[in-house]
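What follows is the residue order along each chain.
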Amino acid sequence: MSDPDLNLLVALDTLLAQASVAGAARQLGLSASAMSRTLSRLREVTGDPLLVRAGRRMVLTPHAEHLRSRSRGAVDEARALLTPAAASLDLANLHRTFTIRANDGFVEAFGARLITSVTAVAPHVGLRFLPKAEKHADPLREGRADLEIGVLGAVGNAGNMGPEIRVQALFRDRFVGAVRSGHPLATGMSSGTSSDSHSDTPPSVERYVAFGHVVASRRGIGNGPVDDALAALGHQRQIVAVVPSFPAALAVAQTSDLIALVPVSLLQAPHARRGPASPAPFHSFTLPVATAPVTVSLIWHPRMDADAAHRWLRQRIVMVCRGDAA
């Protein structure tokens with residue numbers, strides 16, 4: 001048997017990602033007829049139709065679905081083999097867009113600083129932030145995302161992402177209550193001297209549950225560890241609203257008497273701070289019940305370990321999150 005034509009690998013990966021001859025042709029800069037001929041060759045070498053018609057569109061065969069993640073990994077590995085070593089990485093002339101899956105809270109808290117830090121030394125690098133509609137590793141495995149930032153589950157070191165996934169802790173975060181400036185709950189509570197108006201002394205449980213609450217959940221789930229801790233003390237809070245993100249919870253709390261449950265990192269974002277002469281838009285306070293802190297982590301697929309530009313971006317994110325970068 002003669003060696004396979006490795007040039008077909010990129011075409012296979014593109015076809016499987018696009019699930020369309022026309023879409024693959026556009027991405028590869030080929031004519032539709034040339035892409036059709038390439039598909040015929042791929043069918044011959046793989047022994048599978050790969051793409052079949054289903055009504056007015058094309059769909060992948062089961063074998064093609066099986067090959068999709070493997071083809072992406074093979075293409076990325078080949079590119080990594082042909083990528084210059086980190087010592088010769090020319091950041092000033094690096095043209096690349098990185099896709100990062102992260103929630104709105106991370107983007108609000110760190111997005112501007114990360115973009116500034118990256119473009120200061122790599123002006124042609126772009127960052128594309130995507131929401132995390134689900135928590136699994138397929139976007140990383142299939143190359144639809146370069147990195148993910150978030151809190152892992154409790155199953156194994158990588159949560160439910162899979163045993164091969166790489167994880168690096170970025171910072172520890174904790175949840176606090178947040179109310180608008182001038183909220184009745186803030187009255188009489190000892191305030192800090194910083195512009196974020198934070199009280200380390202928590203309100204009583206009775207005062208905390210006397211007001212309505214707004215919580216963030218992308219899956220629409222209202223109850224959580226705070227409710228479990230309150231129930232253990234014989235109390236229950238009234239969850240008036242569930243919103244999809246922490247910034248949305250803050251926006252609701254800023255114009256109502258509802259209490260928002262948010263991570264401290266979000267309140268440290270530039271939009272949540274004011275100068276000494278301006279009143280703070282929020283008053284935050286330590287919760288009256290104990291909740292476990294969370295670890296926000298950087299997550300990626302091991303096929304990107306040797307990629308010099310990817311490694312540089314990971315280091316830059318760590319520096320920004322830990323306050324070591326401008």
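Right above here is the structure, for reference.
Student: I'm lost on the packing of helix 2 (residues 21–28) against helix 3 (residues 32–46) in this one. Help?
Tutor: Packed helix pairs are characterised by how far apart their axes lie and by the angle those axes make with each other. Relative to each other, helix 2 and helix 3 sit at 110°, their axes nearing to 9 Å. In this view, helix 2 runs roughly perpendicular relative to helix 3, as classed from their interaxial angle. Note that helix 2 runs across helix 3; the crossing there is right-handed. Counted together, Val-21, Ala-24, Ala-25 and Leu-28 of helix 2 and Ala-32, Met-35, Ser-36 and Leu-39 of helix 3 form the full contact between these two elements. For the contact of helix 2 with helix 3, the residue count by class is 7 nonpolar, 1 polar and no charged.

Student: Even after reading the chapter, I still don't get helix 3, so can you show me in this structure?
Tutor: The periodicity of an α-helix, 3.6 residues per turn, causes residues three or four positions apart to be oriented the same way. Taking 1.5 Å of rise per residue, 15 residues should cover 21 Å, and helix 3 covers 21 Å from first to last C-alpha, within 8% of that figure. Downstream of helix 3 by a residue or two, Gly-47 has a phi angle that is positive, lying close to 70°.

Student: Explain the pairing of strand 7 (residues 175–180) here, please?
Tutor: Consecutive side chains of a regular strand alternate in pointing toward one face of the sheet and then the other. Two elements, strand 7 and strand 11 (residues 259–263), share 4 bridges in a ladder whose sense is antiparallel. Bridging across to strand 11, Gly-177 finds its partner in Leu-261.

Student: Looking at this structure, I do not really get the environment of Arg-322. What am I missing?
Tutor: Here Arg-322 shows up in the segment after helix 11 (308–321). It is 7.0 Å that separates the C-alpha atoms of Arg-322 and Phe-171, two residues lying 151 residues apart in sequence. Within polar-contact distance, the side chain of Arg-322 engages the backbone oxygen of Ala-169 at 2.7 Å.

Student: What's the story with the pattern of salt bridges in this structure? I'm lost.
Tutor: Pairing of side chains with opposite charge becomes possible as their charged atoms draw close. Under the counting rule described, the total for this entry stands at 8 salt bridges. Residue Arg-68 is joined to Glu-65 by a salt bridge in which the shortest nitrogen-to-oxygen separation is 3.0 Å. Of the two residues, Arg-68 and Glu-65 are both situated in helix 4 (residues 62–81); the distance of 3 residues between them amounts to about one turn of the helix. Salt-bridge contacts for Arg-96 lead to Asp-307; the nearest nitrogen and oxygen are separated by 3.0 Å. Remark: Asp-307 occurs in the loop between strand 13 (294–300) and helix 11 and Arg-96 occurs in strand 3 (residues 96–101); sequence separation between them is 211 residues. A relative accessible area of 7% means that Asp-307 is categorised as buried.

The rules behind the values
Throughout, a residue's number is its position along its own chain's written sequence, starting from 1. Under the rules for a predicted model, residues below a pLDDT of 70 receive no local features and side-chain atom pairs below 80 are neither given nor counted, while totals for whole chains, interfaces and linings still include all residues. To obtain the side-chain values, all non-hydrogen atoms of the structure were used and water was disregarded. Axis angles are defined between N-to-C directions and span 0 to 180 degrees, where every axis is a line fitted to C-alpha atoms and, for a helix, only to the segment in contact. Counting from the N terminus, the helices are the DSSP runs of H or I reaching at least four residues and the strands are the DSSP runs of E reaching at least two. Throughout, the term roughly parallel applies to angles under 35 degrees, roughly antiparallel to angles over 145, roughly perpendicular to angles from 65 to 115, and oblique to all others. A clockwise turn of the near helix away from the far one marks a right-handed crossing, whereas an anticlockwise turn of less than a right angle marks a left-handed crossing. Any two residues having at least one pair of non-hydrogen atoms within 4.5 Å are treated as being in contact. Each residue is assigned to one of three groups, with Ala, Val, Leu, Ile, Met, Phe, Trp, Tyr, Cys and Pro labelled nonpolar, Asp, Glu, Lys and Arg labelled charged, and all others, Gly among them, labelled polar. To estimate the expected span of a helix, count its residues, drop one, and scale the result by 1.5 Å. Note on pairing: two strands pair once DSSP finds at least 2 bridges between them. Polar contact is defined as a pair of N or O atoms within 3.5 Å, subject to the rule that within protein one atom must be able to donate a hydrogen and the other to accept it, and that residues adjacent in sequence are counted only when both atoms are side-chain atoms. Any Lys or Arg side-chain nitrogen found within 4 Å of a carboxyl oxygen on Asp or Glu counts as a salt bridge. Summary of the burial criterion: residues with accessible area below 20% of their type's maximum are buried, those above 50% are exposed, and those between are partly exposed, where the area comes from a 1.4 Å probe applied to protein chains only.

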